[in-house]
Structures are given as C-alpha cells and as structure tokens.
4 protein chains.
Amino acid sequence: MTRARQARSIRTRETLLSLAREKASAVGYGALRVEDIVAAAGVAKGTFFSHFKDKDALMDILIAERLNALLDGMEKAPKFQSVDELVAGLMPYLGFVSSERYVFDLYLRLSGALKVEEIGEIAESLVRLDRIVIEKLDRDRFRQDVSPELLSEGIQAFCISSIALGFCALHSDQNVENRLETQLKAWLCPG
Amino acid sequence: MTRARQARSIRTRETLLSLAREKASAVGYGALRVEDIVAAAGVAKGTFFSHFKDKDALMDILIAERLNALLDGMEKAPKFQSVDELVAGLMPYLGFVSSERYVFDLYLRLSGALKVEEIGEIAESLVRLDRIVIEKLDRDRFRQDVSPELLSEGIQAFCISSIALGFCALHSDQNVENRLETQLKAWLCPG
Amino acid sequence: MTRARQARSIRTRETLLSLAREKASAVGYGALRVEDIVAAAGVAKGTFFSHFKDKDALMDILIAERLNALLDGMEKAPKFQSVDELVAGLMPYLGFVSSERYVFDLYLRLSGALKVEEIGEIAESLVRLDRIVIEKLDRDRFRQDVSPELLSEGIQAFCISSIALGFCALHSDQNVENRLETQLKAWLCPG
Amino acid sequence: MTRARQARSIRTRETLLSLAREKASAVGYGALRVEDIVAAAGVAKGTFFSHFKDKDALMDILIAERLNALLDGMEKAPKFQSVDELVAGLMPYLGFVSSERYVFDLYLRLSGALKVEEIGEIAESLVRLDRIVIEKLDRDRFRQDVSPELLSEGIQAFCISSIALGFCALHSDQNVENRLETQLKAWLCPG
DNA sequence: TATGAATGAGCGTTCATTCAT
DNA sequence: TATGAATGAACGCTCATTCAT
C-alpha cells in the first residue's frame, strides 16, 4: 500500500526531473522555469514543491547529476601521471561548470552550506571529486612534501580560479585550460 | 546655472553614496535596498539610476572603497618575510570579503567582466591587490622557480578557496586563516 | 511634475476600480479574481498591489462604495415616522449586504479592525449608517426612554441578526424583511 | 472482524478529536491544521476525511462541545431575575465565542446552514441556547409585551453585536460586558 | 477504513529597472 | 537631472480536499 504510493511518487519525481533535464539541455539551466516544467509534466505547481524544496533544490540535483556523470568518467580513467593528464582529466568537468555563468554561480553557491542538513548534491559531489583526485594522482609523479589532501584542495582552488578568470575580460590572454595547466604545474611540480 | 546643477548633482551622488554606506554598515550589504537609500536621501528612484548604472554599480563602488582602504593598510606594511606575515597582512582584507555571503558573491562576480568597458572598481582593486602582493613578497624568502605574477595568482586562488570553504559546514574543522596558512605554505615554500 | 504623475496614478487606480466594479456586477464579488482585473486593465500584477494592499482592500473599497451609494439614498429620504418606513428605508442596504454570502462575511469581517489604522471604508460607512439612522429617526414616533445612539445600535444588531438568520434553513419561515420588522417594532415601540 | 474494525474506527475518531482538542487549546482554534492533527495521530490525511466531512465539521464539533459545556452551566443556574444576572449568566459563553476572531467567524457561519441536512452541532447548540434563555428568563421581571421567543432572539442579536463591536477599535470605549448590559436593559426593560 | 500523493487555483511577493513627462 | 508610477516575470505559498489503490 505504502509502497504503491511511493512508486507513484517516485515516478512523478522522475518525470519532473527528466523533463527538467530535457528543458535544461534545450534552453540552458539559467533559462529553466518551474512553470514550464510542471506544465510539461502536467502536474500542479504544488506537486513540484512537494518534491523539491525550491527551484534551487532541483537545480542542485540536476547539476550534481551532470557532475557525477563526469566524475564517473574521471573515475574510470587511469591514474594521472602528469599535469597534462590531470588537466585533460579535469577539463570535461570544468567545461561543464564554466559552460554557463548561471551554472558556475550556482556551483559556487551550492558548493557548501552553513548547515550540515542543507548540504546538497553538488556539495557532496565536490567531496567525491576531492576523493577521486586524491586517488588518481600518482604520488610518485608529483610533489611529495605535502599531503595528497592538500594537493587536491589546491587543485580545486586553481580550478575555480581559472574559471573565474575565464569569465573576465582582463585575463583573456589565456584560456581556462592553459591557465590551469600553468598553475597546476607550479603547484604540483615545484622546483 | 550649469555649474550650479553640476554641483547639486555631485552633491546628490555623494548623498546617495554616503547614505548607502551608512545603511550598509547598519544592516549589511546584502540587505541594502535601493528604495531605502532613495527614501533616506529624499530623492526619486529614477534619480538613483541617473547616478548609477544599476545597483551593482553602487555596490561595486561601496565594496571597492572598503577594499581599497584595506589595501592602503597593506601597502604601508613592510615586505612580507614569511607566510605568517603574508597571511597576517591579508586577513583584514579577507575578513571583509568573507563577512557576508552577499559580499563574497558580489566580489567574485564583479572580479571580472566579460567586456573591458564594464570593468569596475572591484576588478581594478583586484589588479591593485595583485600588484601589492607582488611588490610585498620578499622574493628571497619564497620560492623562486616561478614568477611573482604566478605566485600572486595562486595566492588569490587560495584566498578565494579558503573563504568558500569557510562558508561550508563540511569544512568547519579549520577557520579561514588556518586553512589559508597551510595552503600558502605549501604554495610559497615547497620542498 | 509631481502632479502629472499623480494624475496618471489616479487614472490607473480608477481603471482598476472600475474594471473590478464591472466584473463584480457581472460575476459577483466572490468570484472576482485579481488576475482578471489586471489582465483586463492591461497592467502588471505588481501595479495592482502598489495601489491596494491586498485583495480585501479592494473589496473593502468596492463594497463600501455600494454601501455609500445606498446611504446616499437613505439620506435623501424624509424622516422615518414608523418602523415600516424605517425597514423600507433600510431594505435596499440590507438587500445588498445579504445578496452574497461572501459580501455578508466580508461586511462583518471588515466592519471593524482591532487597529485604528486598519479601519477601512466599510467600517467608516457603518459609522455613517449609524449617524444617518440617528438623524432620520423621528424621535417623537419612537421610544424616548433611551438615547438615539443606543436605538441605532440596536437597529444595527437586528439588521445583522436578521440577515444571519436569513442564511439559515432553520429560520426560513420568515424572510429578512418580516423578521426585521417584528424585531424592530419590539425594539423601537415597546409597550 | 467487523466489530474489531468498528472499535478501531471509533478509537481513531476519538484520537483525532482529542488531539485536535489538545492542539486547539495549545495554539488556538484558528491555528489548527489538519496536517498537525493527523501527524500527531499517526494516521494519513485521508483518514481524517473519512471520519469528518471536512475540517469545518471537526471545528463544529469541537466548538459546539465547548458551547454545550457552557450551556450546561447555564442550565444549572437559577432563573435570571435581572439583566445583570442574565449578563452574568451569558458571559462565560460569550467569553469563549469572542476569544478568537476565528471562533467568532466560524460561530456565525455555522450558526445556520442553507440546507437542513447540513445543520451541525453549533447550530443545534444555538437552538439549545435559545431554549435555555427562554426558560431562564423570569417572565415577571422582564417586559411582557412581546413573546419570550422574540425576547430571546433579541438577546442573541445583542450578544453577536456586542462581540462584533468588541473586535473593533472604533468602539473600544466599552467592553463587551458593559455594552451588552446597556443594550439588554433597553431591550428587556423598556420604559 | 486507511493511505498519502496529488491537486487546485489564486494570492501575494520581490525589487531592480524603465520611461514618459 | 529629476520624478515616481509602472513594469516584469517568475517564485513560492497555502492547505483543505480528493482519489486511486
């Protein structure tokens, strides 16, 4: 009984998610409208809000989904033996994060939350990214004077920084990839 | 006549700025409303927009003002001989940037602009920060295998990263300052 | 300058009011929808709410308008020499109040407010009704052992009571008018 | 089986009622939410509606319960020999009716119903109030030119009216009790 | 009887920004 | 420059009620 209902509920939720996914790939995440989604799904607005706290909660799921898919790819790759390989491994992920200003802003905003109970999918995917980077770095190939955890933290800092600079006209001399490569070389292979 | 008008205009602008400054320190930057400012100034809303392109332009000025005041302090300090000194020098600046989520978000967003002509005060203050950091780093005390420019770029990346993590409950084990210190030591003094 | 704007504002407000009035007479007050009004007026929803605090505020004005028009009629009538004349004088007013359950409920709810600053048009029209009734009662024809103010208060109590009973199946043996007449005779001409 | 079910059903209904009663005394009738009641009872929302036609039906029962308890007290009292005694006898009842605007509104709305089959507990308690008042009025002490039924009707009208005025800031010069007393004296003892 | 997901359908909010005067 | 009414365009809320299982 209870289970049957849950099945229906799950179905509705999936419908909403997949329609949102579809719309997002058509018009971009920033242009997604709750009303369009519910209209397409043929459900009431109230239904949307009984499945997702607010629009951001949906975006969090949607974007994290994409991030996780990209992390899946990263996970399957062999260990990174060089900065070039690392950058190559990161680029699909970063490409998505920097694909829309809206996505980048949301990514930053939802990267963390002040309350643990508000930690969402994106924040968790960042933990996963961290873990993957740590695992995939072939320790022999990179500096060993600091912990892998710290290395990973730095890598993420440089990723964010590169994307942010990529959105800035003052630093358009290099693209995200080149800048990141330069920075990561200095970070991972000093001396 | 023209002169009188210009004088009045300048006065209006200054009034708006100083009332905004005042309100911001009372309620925070994020809670500042154009309506409140114009009401306090006794002018119409339209007047506000004939003085500032948009609300962001005002916030850009207001926040950059604070940043520049903090940079003034940094400029007067002696050269940084150690990471500790560097962190100590940066903290007032970072303290302000991390004082409100709204300020941090705006800082990131206005750090750059896609069009050169849209470069604002904050973006320029960042260039200044970059220059100051480069000047103040005593090259003999820090790694010399990379350019000062790159060093500075990394320092800024770690600053942003530390603040972002500071807004996240998952990383509350350390405060901004400690995290930054650890990272900068690894960045500036490898090996 | 200021005046010109005010004129425009007044015009918009009047447009909203007259369209609402029109719709109300077409579909009834209870079926009035804010969206229909703004759609008909061709203005944004925000405009509606900058003219009226909420939907009730509009209804208050609309209903009070009607009440006042009916009070105008009452005011022009000669003094009431008998209960029959009083009832006849009151009936148009009561007819409107009892025309829709929605109207009656709103009438009761907006008859007063706990805060003076929230006193609205309906509440004020009630004060006017009170004054008119006091003026129009030919003192010689009715009981003189109590003040006209008290008489009027009682008349209003019986009006409300009659309408309320009119909405009740248990008391459908008499109509509003008959019941009121009986009650008022006992109230105004005891003995 | 059937018996067991019926027993369970009755128990569920009682549970809902008593939890509702409890919540109402904690937060007031107006703040009572079906959701809270069913959550406290650990049953589904639908269950609520298989026990009560709608929320009003529950409120009708709950409020009528209280009214009847107060009427029980009134019934035990000796006959009213004066207006003062009558007012004193009515006050507990009126105190409850005027305790919350929500209660008063519901009281008025459920005092009658357009269809006899929709007559509920409150409406019946009003009939009872009417009967009690008629019985308790010592005819010798009050006007005898009109029927006790009419007297009672008027008393109820003045009760409603007094409460309504009590909810209005414009008439806060007197409290419910004083106003009622004045009105009833004029109504019951003219001349 | 019980379940609980889904509904409905309108209200009110937000507030930076525009534009005709 | 100044005015301030109007805009826009969606979000989120409400919460009693229904209905398929």
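Structural data are supplied above this passage.
Small disclaimer: the values here were computed from a predicted structure and weren't measured.

Procedures and definitions
Residues numbered from 1 in each chain as written. Chains lettered and ligands numbered in written order. Predicted model: local features only at pLDDT ≥ 70, side-chain atom pairs only at ≥ 80, totals over all residues. Heavy atoms only, no water. Contact = heavy atoms within 4.5 Å. Buried area = accessible area lost by both parts, 1.4 Å probe. Salt bridge = Lys/Arg side-chain N within 4 Å of Asp/Glu carboxyl O. Polar contact = N/O pair within 3.5 Å; in protein donor to acceptor, adjacent residues only side chain to side chain. Helix = DSSP H or I, 4+ residues; strand = E, 2+ residues; numbered from the N terminus. Nonpolar A, V, L, I, M, F, W, Y, C, P; charged D, E, K, R; others polar. Buried < 20%, exposed > 50% of the residue type's maximum accessible area, 1.4 Å probe, protein only. Least-squares fit on C-alpha atoms with pLDDT ≥ 70 in both. Disulfide = S-S within 2.5 Å.

Right, let's get into the interface of chain C and chain D. In this complex, chain C contributes 34 residues to the contact, which on the side of chain D involves 34 residues. Each partner contributes to the roughly 2500 Å² buried at the junction of chain C and chain D, and carbon and sulfur atoms together form 72% of this total. Three residues, C:Glu153, C:Ala169 and C:Leu170, lead the burial of chain C against chain D; their summed loss comes to 17% of the area buried on that side. At the surface where chain C touches chain D, the tally comes to 0 salt bridges. At the junction of chain C with chain D, the criterion picks out 8 residue pairs in polar contact (both at pLDDT 80 or more). Going through the elements one at a time, α6 (101-110), α7 (121-136), α8 (148-166) and α9 (176-188) of chain C are the ones with two or more residues in the side of chain C that touches chain D. If you tally residues by element for the side of chain C that touches chain D, the top one is α8(C), at 7 residues. Here the side of chain C that touches chain D is composed, by residue class, of 19 nonpolar, 7 polar and 8 charged.

Moving on: the environment of A:Gly89. Residue position: A:Gly89 is located in helix α5 (residues 83-97). Sequence spacing of A:Gly89 and A:Leu17 is 72 residues, and the spatial spacing of their C-alpha atoms is 28 Å.

This part takes up the pattern of salt bridges. This model, assessed by the stated rule, comprises 41 salt bridges over all chains. One salt bridge in this structure joins D:Asp54 and D:Lys53, with 3.1 Å as the shortest N-O distance. We classify D:Asp54 as partly exposed; its relative accessible area is 26%. The network of salt bridges with shared partners includes A:Asp72, A:Glu75 and A:Arg128.

Moving on: the relation of the copies chain C and chain D. Between the two copies, chain C and chain D, the superposition gives an RMSD of 0.5 Å; the rotation angle is 179° and the shift along the axis is 0.2 Å. The relationship between the two copies is best expressed as a two-fold rotation axis. For chain C, the smallest separation between a C-alpha atom and the rotation axis is recorded for C:Ala157, amounting to 2.8 Å. The residues that chain C uses at the interface reappear at the interface of chain D in 97% of cases, marking a shared surface.

The subject of this paragraph is the state of the cysteines. Residue and element names in this part refer to chain A. Under the defined criterion, the tally for this structure stands at 0 disulfides over all chains. Between Cys-159, a free cysteine, and Cys-189, which holds the nearest cysteine sulfur, the sulfur-to-sulfur gap is 15 Å. Relative accessible area serves as the criterion here: at 7%, Cys-159 is assigned to the buried category.

Keep in mind these numbers describe shape, not what the thing actually does.
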